[in-house]
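# A look at the structure
So the chains spell out like this:
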Amino acid sequence: MNAPTTRRLTVAQALVEFLARQYTERDGRRHRLIQACWGIFGHGNVAGLGQALLESGAAAHQGATPGPPVLPYLQGRNEQAMVHAAVGYARQCDRLSAQAVTTSIGPGATNLVTGAALATVNRLPVLLLPGDVFATRPADPVLQQLEVPSAGDISVNDALRPVSRYFDRVTRPEALIPAALQAMRVLADPVDTGAVTLALPQDVQAEAYDWPVEFFADRVWRVPRPAPDADALAGAVRAVRAARRPLVVAGGGVHHSEAEDALCAFADATGIPVASTQAGKGSLRHDHPADVGGIGHTGTATADALAREADLVIGVGTRYTDFTTASSTLFAGPGVRFVNLNIASFDAHKLGAASLVADARAGLEALTKELSGHRVDAEYESAYRAAKAGWERRVDAAYAAEDASARPSQTQVLGALDAVVDDTDVIINAAGSLPGDLHKLWRARSRRQYHLEYGYSCMGYEIPAAIGVRLAAPDRPVWALVGDGTYLMNPTEIVTAVQEGINITLVLIQNHGYASIGGLSEATGGERFGTDYRFRAEDGTYTGAPLPVDLAANAASLGMQVFRAATVGELRAALAEARGANRPTCVYVETETADTVPGAPEAQAWWDVPVAETATRPAAVAAREVYDRHTAGRRRHL
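To keep things clear, this report deals only with the structure shown in the data block. (Residues numbered from 1 in each chain as written. Predicted model: local features only at pLDDT ≥ 70, side-chain atom pairs only at ≥ 80, totals over all residues. Heavy atoms only, no water.)

## Some remarks on the overall build of the chain
Summing up its helical and strand segments, the chain has 24 helices and 23 strands in all. Against the 2.2 N^0.38 benchmark of 26 Å for 638 residues, the chain shows a C-alpha radius of gyration of 26 Å, consistent with a compact globule. Here the C-alpha coordinates of the chain stretch approximately 80 × 70 × 55 Å along the principal axes. Split into buried and exposed, the 638 residues of the chain put 56% on the buried side. By element, 53% of the accessible surface of the chain is carried by carbon and sulfur atoms, the whole surface being about 25,600 Å². Computed over 58 positive and 70 negative side-chain charges, the inter-centroid distance for the chain is 4 Å. (Helix = DSSP H or I, 4+ residues; strand = E, 2+ residues; numbered from the N terminus. Rg over C-alpha atoms; globule rule 2.2 N^0.38 Å. Buried < 20%, exposed > 50% of the residue type's maximum accessible area, 1.4 Å probe, protein only. Areas by Shrake-Rupley, 256 points an atom, 1.4 Å probe, with all protein chains shown as cover. Lys, Arg positive; Asp, Glu negative; His and termini not counted. Charge placed at Lys NZ, Arg CZ, Asp CG, Glu CD.)

## Things to note about the sheet that holds strand E22 (residues 561-565)
Ordered by their spatial adjacency, six strands build an open sheet running E19-E18-E20-E21-E23-E22, and the pairing between neighbours is parallel. Looking at strand neighbours, the two that pair on one side only are strand E19 (450-452) and E22, the edges of this open sheet. Here the average twist between neighbouring strands, direction ignored, is 20°. Bridge count between strand E21 (residues 505-510) and strand E23 (residues 585-590): six bridges; the pairing is parallel. Note that in E23 the partner of Gln 510 across the bridge is Glu 590. (Pairing = 2+ DSSP bridges. Axes fitted to C-alpha atoms, helices over the stretch in contact; angles between N-to-C directions.)

## Side note on the sheet that holds strand E7 (residues 126-132)
Within the open sheet, the six strands sit side by side as E5-E4-E6-E7-E9-E8. Their pairing is parallel. Strands with a single pairing partner mark the edges of an open sheet, and in this sheet they are strand E5 (73-75) and strand E8 (166-169). If you compare each strand with its neighbour and ignore which way they point, the axes differ by 20° on average. Of the strand pairs in this sheet, E7 and strand E9 (residues 195-201) are connected by five bridges, and their pairing is parallel. What sits directly across from Leu 128, in E9, is Thr 197. Along the sheet, helix H3 (residues 79-92) contacts strand E4 (34-39), strand E6 (98-103) and E7; its crossing angle with E6, the most-contacted strand, is approximately 170°. (Contact = heavy atoms within 4.5 Å.)

## Looking at the environment of Ala 565
Looking at the element boundaries, Ala 565 is found in strand E22. You can call Ala 565 buried: its relative accessible area is 4%. Each C-alpha atom, one on Ala 565 and one on Glu 590, is 7.7 Å from the other, the two residues being 25 residues apart in sequence. For Ala 565, the contacting residues outside a window of four places in its chain are Glu 570, Leu 571, Ala 574, Tyr 588, Val 589 and Glu 590.

## Side note on helix H18 (residues 462-472)
The α-helix advances 3.6 residues per turn, and as a result positions three or four apart in sequence lie on the same side. Among the eleven residues of H18, nine are classified as buried, and the element is accordingly described as predominantly covered. Regarding H18, the residues found buried are Glu 462, Ile 463, Pro 464, Ala 465, Ala 466, Ile 467, Gly 468, Val 469 and Arg 470.

## A closer look at the nonpolar core
If you look at the biggest cluster of nonpolar residues, it comprises 50 residues, and the most contacted ones within it are Ile 295 and Phe 331. Beyond its immediate stretch of four places on either side in the chain, Phe 331 contacts Val 249, Ile 295, Ala 307, Val 313, Tyr 320, Thr 324, Thr 325, Val 336, Phe 338, Arg 635 and His 637. Formed by 48 residues, the second largest nonpolar core is a distinct cluster that contains Val 87, Ala 199, Val 469 and Leu 506. (Core = buried A, V, L, I, M, F, W, Y, C linked by side-chain atoms within 4.5 Å.)

## Quick word on unusual backbone geometry
Between Asp 140 and Pro 141 the backbone carries a cis peptide bond, its omega angle lying at 10°. Looking at where Pro 141 falls in the secondary structure, it is placed in the loop between E7 and E8. Phi at Ala 326 is positive, roughly 50°, even though this residue is not glycine. Considering the arrangement of structural elements, one finds Ala 326 in the loop between helix H12 (322-325) and strand E16 (337-342).

## Points about the packing of aromatic side chains
Scanning the entire structure with this criterion turns up twelve aromatic pairs. Taken together, a centroid distance of 5.5 Å and an interplanar angle of 85° make the contact between Phe 331 and Phe 338 edge-to-face. Comparing Phe 331 with Phe 338 shows no difference in burial state: the two are buried. In this structure an aromatic cluster arises from ring pairing among Phe 18, Tyr 209, Trp 211, Phe 215 and Phe 216. Note that Arg 7 overlies the ring of Phe 216, its terminal NZ or CZ placed 5.2 Å from the centroid. Of note, Arg 30 hangs over the ring of Tyr 23, and the distance from its end group to the ring centre comes to 5.6 Å. (Phe/Tyr/Trp six-rings, centres within 6.5 Å; stacked < 30°, edge-to-face > 60°. Lys NZ or Arg CZ within 6 Å of the ring centre and 35° of its normal.)

## Concerning the state of the cysteines
Summed over the entire model, instances satisfying the criterion amount to zero disulfides. Cys 37 takes part in no disulfide bond, and the closest cysteine sulfur, belonging to Cys 93, lies 16 Å away. (Disulfide = S-S within 2.5 Å.)

## A few points about the packing of helix H16 (residues 410-418) against helix H23 (residues 568-579)
At a closest axis distance of 9 Å, the pairing of H16 and H23 adopts a crossing angle of 40°. With respect to their mutual orientation, H16 and H23 come out oblique. For the element pair H16 and H23, the recorded crossing hand is right-handed. On H23, the residues touching Gln 412, Val 413, Ala 416 and Leu 417 of H16 are Val 568, Leu 571, Arg 572 and Leu 575. For the contact of H16 with H23, the residue count by class is six nonpolar, one polar and one charged. (Parallel < 35°, antiparallel > 145°, perpendicular 65-115°, else oblique. Left-handed = near helix turned anticlockwise from the far one by under 90°. Nonpolar A, V, L, I, M, F, W, Y, C, P; charged D, E, K, R; others polar.)

In structure tokens, the structure reads:
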């Protein structure tokens, strides 16, 4: 008897089975492309994808006989947070494995937008499967439908178009086949990856169709390592050989390509110093002689001084955001030129660079080979190593806390954590004043220890991302570092961690407001208006007593084990105990507001935040004068 050539399944059932059979492959290693599906169910997806995921999960428990691959389901509490968890997972997996997220129509779908933007900005894959209004329109409008008088084919899901790398609305069963294949192509593409959205009308999800069996065959998406063009490589080699003060800027592409060893070999062979962006930190271990730390507005004095005097900047896997370039004021050397190694042509051509469009590992290996025998001048090498040693002493001073009975500063919190972790720990942060402190001070010990989401700098990312990272790396201790402002944005996935037994540790720092924006407000003439969590005073400002909130009690109410630390000594003990805990745990600490980051006004890199051109308050007038002086240093690298 001939084998059947079709299978009759609903659209949702077919999609789930298709996703369970997709793989990526790089360097001969195969990875499940869509490892699991997060979901919150409503009328727009409960009878479609919800039912299909139920069947898939049931298939996994039908007995010992191996069955078809299944798609595990994960229950979330907030749609945005589910995307953050999926993004954290994908980043930890070097973009070779990802997760899907399904929601109902209406608010569930629009809650995806922030997470989708974060994924696309950071070039991290996530598959979004929002429900959509009826394709057949038996009732118009249905519950939660947005009516647009001028267009009948628009739904709230269209808000996902500008923040998705690929978008399609599957209005017929047979349309799923090309849409699903295109979705996988984009997710697995190291250049084009980001959020991918397949909007699924609720009636179409439940509609049956005779699918060709080939649609459900295992499919492998090869992730290539393109090598640089020979002529472009030769030009880059000439530029490096001619440079007297070259500097590497390592971005997130180094990690995504697993190019850390290749970068280490390049630095060892040439002696060229390596500075890192937020996404690239950890590309070299902190104690590597060529590692000079973070660069840009939140960079170290050592890296920023080298950047100002560099005659050649070698960007590897970086997008050159305004924090990295100090709003186009940092690379100030006369005649400074750029060589950019990036798998994306769009990024490789930035700053008028000579571009090497290639995989980061392949490009670094080619450069190292062609530069055989070349090394920077010994005087340059010894000078930056001495500056690095001087900066490390300043980090030691920031971390130090001689009085164990005193309330810690934020940098002393980092010092206490630095003393507890080893190479296996992962530190997660995204927003507030912590990213600047971490970029300057944290001593990254391994390639995936430092996990800063600073492309979108999204408050509320840290806790769900920690869940995603722990799912990807269940044997690694995972720390989510959050301030009170970030915690209040999105604590809901604590419940998910507790429910699933996902052992993450939350370090919750209480400083009664938005510390980072408060400082920025003060610097730009805003006088910290609206940045403190305090009662309203008689003059109408929020300058009264601190609000009597108890965030530690809140975390405990959501199921976490909580340790309160009032002093440096208690903090050290709490962190050590939390690291050994076998359940989701929170360390709560209230910090001194005094800034103990090493002062380096001589090397402070600027960040362009426009200041009011006309104002009556003296603070804003003074801030504008400073702003005008800084803007004079902006330049275009052509």
